[in-house]
Amino acid sequence: MSTFFKRIIVLALSLAACLPLSSQKALGQILPPSAPATAPEKTSDQLGRDTPYGTVFGFLQAAQQGNYSIAAQYLQMSPARRQSEGDALAMKLNVVMNRAFAGSLRPSRDREGTPQEDVPSDRQKLGSMSSGDVEAELELVRVTDPSAGKIWLISSNTLAKVPELYDQVEARRVETRLPAWTVKHELAGMPLWQWFALLLLIPVAAAAAWLLLVLLQIPLRVWARRRGHVELVQWRSVSAPAWLLVGAIVHRILASYLGLPLLPRHYYNQLVAVAVIVGFNWILWRVIQWFLQRVRNRALARGHSGTGSLMLLGERIIKAIVVVMALFLILGVLGFNLSTALAGVGIGTLAVGFGAQQTIANLFGGVSVLGDEVIRVGDVCKFGDRTGTVEDIGLRSTRVRTEERTLLAIPNGTVATINVENLSRRDKLLFKTVLGLHLDTSADQLRHVLTEIRGVLSGHEKIEKNTIRVRFTELTSSALNVELVSYVMTRDFDEFAAIREDLLLRIMNFVEDSGTSLAKPSQTLYLSGDPASKKDKIDAVVKKATDNASSAPSFSGSSQSESAVSNRPPNTADNAGKDD
């Protein structure tokens, strides 16, 4: 019960705070009659009668303040009649408009008015005023004033019906049965008894809304029990906004019987419209959240993590759209010109788009990656020349743990454009190798090897039988090449590596058993010694030869022999170097 009263108090405070406490301030901030939102040009009339909007709200503002001499300036009357009857007629028109006007108070903000069917271009019909069997159109006419130029005034045809309408309204007034002080005293242009009635209707509307929602839960509970749901969790999530929506509608229906003055009634209708917009968009927010979370949970349960991430991103975007839509609706209800706001949003969007092209590209790239589900978190993929495990797919980038255990961040825009090879999506792994046999292998030995290899591959339980291919493919100057191709029925690379190792070892055994061997390299590489050590050897040989020559016995012709010996060591050294 305490929660119920708290809700009533919150709603009461919201309504009381939003209602205008001062019509002058409200008109100046929300609906300024002298500054049409559609045209920034200055008005030539000090009373703001350049537009139908300025005429209607200017008259209501002056009449609400009790300044009937100014209000009479908005009436189509001769100067003499305005001097004698203007104040009284303005007062009666104000009462009639407050009590008997029916229609939407949304006059045109354009100087030329809004074209209406079967209505002359210099006239505007805003609605009808009726009481009893008397009815009249609230009509504006555009005239030429000597000092102000072309202005809009309340037409003389409407003024002709005002006295009769006033008599009918006065005869039907409820205030005669109420305390005099509640009728005599006013607040913001509205009698106190109507303020009291509005506040009293708040708990009444709240209680009526609560009762309607409780009655609505009965068929929902029956349906939930048949479906196997114990509690209405989703209904509880929208109960608060539904209570606000229904309460505002009920309060508006009940307040229509109070006969509020026209200007306060306009503000009250704006307030109720704001409450309805908030309640409806609140419900829409909760429904979107519940629906997309349900879709996301189903996708995750089926292993579609990419779809789950995409639903999370979509939920955030749709919620943002709902909020923006609600704000624009509220601004429109409050009378703001949305064309300027939409133009500003468009320009701002273009500026952001040009300034954040790469960010937007990454965002749409992330949506593309998540939507296509080419890669998922945990997959081993090859991005260009880099291979690693996908750890996260964000809005801006995809993070990959490489084989070197480094963390690689790839922008989603790049991921969406490059070739991505998902190694984890392989349903089977390819076993392919080329076996080079020695050139001395005979044809019978080669046939034996081919038969044994085909047999071991065909007999292995993990080898796909219809993809086995073992063929003698090439006869080269260094080896007899045999190509082995088959698929291993596994997705685990560790298991594949173990099977491949076992097959290669068994193939080596077959080759050895057949009496042949694998080919060896046909070229031998010889490495020369260090040039420095080679020079040392040459110097040692030269020194030895010189020592031998000096120790030999002398004989005639020794000078010739010495010359021969002295010239020999270089040749000896060269020969020694060649021998080495």
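The structure presented is a predicted model; accordingly, all values stated were derived computationally and were not measured.

Criteria and thresholds
- Residues numbered from 1 in each chain as written.
- Predicted model: local features only at pLDDT ≥ 70, side-chain atom pairs only at ≥ 80, totals over all residues.
- Heavy atoms only, no water.
- Helix = DSSP H or I, 4+ residues; strand = E, 2+ residues; numbered from the N terminus.
- Contact = heavy atoms within 4.5 Å.
- Areas by Shrake-Rupley, 256 points an atom, 1.4 Å probe, with all protein chains shown as cover.
- Pairing = 2+ DSSP bridges.
- Axes fitted to C-alpha atoms, helices over the stretch in contact; angles between N-to-C directions.
- Core = buried A, V, L, I, M, F, W, Y, C linked by side-chain atoms within 4.5 Å.
- Buried < 20%, exposed > 50% of the residue type's maximum accessible area, 1.4 Å probe, protein only.
- Salt bridge = Lys/Arg side-chain N within 4 Å of Asp/Glu carboxyl O.
- Polar contact = N/O pair within 3.5 Å; in protein donor to acceptor, adjacent residues only side chain to side chain.
- Phe/Tyr/Trp six-rings, centres within 6.5 Å; stacked < 30°, edge-to-face > 60°.
- Lys NZ or Arg CZ within 6 Å of the ring centre and 35° of its normal.
- Expected span 1.5 Å × (residues − 1).
- Arc of directions from axis to C-beta.
- pLDDT = per-residue confidence, 0-100.

J.: Teacher, can you tell me more about the overall build of the protein here?
T.: For the protein, the count of helices and strands is 18 helices and 14 strands. Taking as baseline every contact in the protein between residues at least 6 positions apart, the subset at least 24 positions apart corresponds to 63%. Here the protein displays about 34,300 Å² of accessible surface, and carbon together with sulfur accounts for 57% of that area.

J.: Which parts of the structure should I look at to understand the sheet that holds strand 12 (residues 429-437)?
T.: Hydrogen bonds along the backbone pair up the strands of a sheet, which may run parallel or antiparallel. With antiparallel pairing, three strands are arranged side by side in an open sheet as 12-14-13. With partners counted over all chains shown, the strands left at the sheet margins are strand 12 and strand 13 (469-475), one partner each. Averaged over all pairs of adjacent strands, the angle between their axes in this sheet comes to 20 degrees, without regard to strand direction. The pairing of strand 12 with strand 14 (residues 480-488) spans nine bridges and is classified as antiparallel. Each bridged residue has a counterpart across the sheet, and for Thr433 the counterpart in strand 14 is Leu484. Sheet strands touched by helix 15 (residues 443-459): strand 12, strand 13 and strand 14. Its angle to strand 13, the strand with the most contacts, is close to 150 degrees.

J.: For this particular structure, what's the right way to read the nonpolar core?
T.: Across soluble globular proteins, nonpolar side chains have a tendency to be buried as a group. Judged by nonpolar contacts, the single largest core of 36 residues is most densely connected at Phe59, Leu75, Leu93 and Met129. Taken together, the elements giving at least two residues each to this core come down to helix 3 (52-64), helix 5 (79-100), strand 2 (123-131), strand 3 (134-145), strand 4 (149-154), helix 6 (156-171) and helix 10 (262-301). Among residues more than four places away in sequence, those in contact with Met129 are Leu93, Val96, Met97, Ala100, Phe101, Val134, Glu135, Ala136, Leu138, Thr158 and Leu165. Phe431, Leu480, Phe496 and Leu503 belong to the second largest nonpolar core, which has 22 residues in total.

J.: For this particular structure, what's the right way to read the pattern of salt bridges?
T.: Two side chains with opposite charge may pair up if their charged atoms get near one another. Per the counting criterion, the structure on display carries eleven salt bridges. Where Asp444 meets Arg447, a salt bridge forms, and the shortest distance between an N and an O atom there is 3.1 Å. Residue Asp444 and its partner Arg447 are both found in helix 15; the two are separated by three residues, about one turn of the helix. Neither Asp444 nor Arg447 differs from the other in exposure class; each is exposed.

J.: I would appreciate a short explanation of the sheet that holds strand 9 (residues 397-402) in the present structure.
T.: If you walk across this open sheet you meet the five strands as 10-9-8-7-11, and the pairing is antiparallel. Edge strands, defined here as strands with exactly one partner in the open sheet, are strand 10 (407-411) and strand 11 (420-422). Between one strand axis and the next, the sheet turns through 40 degrees on average, direction left out of account. As judged from the five bridges shared by strand 8 (residues 386-393) and strand 9, these two strands associate in the antiparallel manner. Its bridge partner lying in strand 9, Thr389 is registered against Arg401.

J.: Got a minute to help me understand the side chain of Thr441 in this structure?
T.: For Thr441, the location among the structural elements is in the loop between strand 12 and helix 15. Polar contacts involving the side chain of Thr441 include one to the main-chain carbonyl oxygen of His438, which spans 2.8 Å.

J.: Could you clarify how one ought to interpret the packing of aromatic side chains in this entry?
T.: For any pair of aromatic rings, geometry is given as the distance between the ring centres together with the angle between the planes. Throughout the structure, instances matching the rule amount to two aromatic pairs. Ring centres 5.8 Å apart and planes at 45 degrees place the aromatic pair Phe493 and Phe496 in the tilted group. Of the two residues, Phe493 and Phe496 both sit in helix 16 (residues 493-513), three residues apart, roughly one turn of that helix. Taking relative accessible area as the criterion, Phe493 reaches 44% and is therefore assigned partly exposed. Using a relative accessible area of 4% as the deciding quantity, one classes Phe496 as buried. The ring of Tyr53 is capped by Arg109, whose NZ or CZ atom sits 4.2 Å from the centre of that ring. The cationic tip of Lys428 hangs over the ring face of Tyr487; the distance from NZ or CZ to the ring centre is 4.9 Å.

J.: Can you walk me through the environment of Thr51 in this structure?
T.: Structurally, Thr51 can be placed in the loop between helix 2 (23-29) and helix 3. Along the backbone, Thr51 and Ile151 are 100 residues apart, and their C-alpha atoms lie at a distance of 7.1 Å. At a separation of 3.0 Å, a polar atom in the side chain of Thr51 contacts the main-chain amide nitrogen of Gly54.

J.: Honestly, helix 15 in this entry has me stumped. Any pointers?
T.: Here helix 15 spans 24 Å end to end across 17 residues, near enough to the 24 Å set by a 1.5 Å rise per residue. Of all the positions in helix 15, only Leu446, Val449, Leu450, Ile453, Val456 and Leu457 are classed as buried. For helix 15, the angular spread of buried residues about the axis comes to 135 degrees, placing them on one side. Counted as exposed and oriented over 90 degrees from the buried face of helix 15: Asp444, Arg447, Thr451 and Gly459. As for helix 15, its buried residues are in contact with strand 12, strand 13, strand 14 and helix 16.

J.: Which parts of the structure should I look at to understand unusual backbone geometry?
T.: Trans is the common state for peptide bonds, and a negative phi is the common state for residues other than glycine. Despite not being glycine, Asp118 has its phi angle at roughly 60 degrees, a positive value. Considering the arrangement of structural elements, one finds Asp118 in the loop between strand 1 (101-102) and strand 2. A positive phi angle, near 70 degrees, is found at Arg405, a position not held by glycine. With respect to the element layout, Arg405 can be found in the loop between strand 9 and strand 10.

J.: Sorry if this is basic, but what is going on with the pairing of strand 13 here?
T.: If a strand is regular, its side chains alternate between the two faces of the sheet. Examined bridge by bridge, strand 13 and strand 14 share six bridges and lie antiparallel to one another. In the strand pairing of strand 14, Glu474 is matched with Asn481.

J.: Can you walk me through helix 3 in this structure?
T.: Owing to its 3.6 residues per turn, the α-helix brings residues three or four apart onto one side. In this model, helix 3 (13 residues) spans 18 Å end to end at C-alpha, consistent with the 18 Å of a helix rising 1.5 Å per residue. In terms of burial, helix 3 is a largely internal element, 13 of the 13 residues being buried. Backbone geometry just after helix 3 places Gly66 at a positive phi near 80 degrees.

J.: I keep staring at the pairing of strand 10 and nothing clicks. Help me out?
T.: Sheet analysis places strand 9 next to strand 10, joined by five bridges and oriented antiparallel. The residue of strand 10 that forms the bridge with Arg399 is Ala409. Hairpin connection of strand 9 to strand 10: four residues between the antiparallel strands, including Arg405 at a positive phi of 70 degrees.

J.: Where do I start with the confidence of the model for the protein in this structure?
T.: Any segment with low pLDDT has predicted coordinates that should not be analysed in fine detail. For the protein, the average pLDDT comes to 75, and 69% of its residues sit at 70 or higher. At the low end of the mean pLDDT range in the protein sits helix 2, at 37; at the high end sits strand 14, at 91. Note that residues 1-42 has pLDDT below 50 and, in this model, 66 contacts with residues that lie over four places away or in other chains. Confidence drops under a pLDDT of 50 for residues 552-580, and excluding neighbours within four residues, the segment shows nine contacts in the predicted structure.

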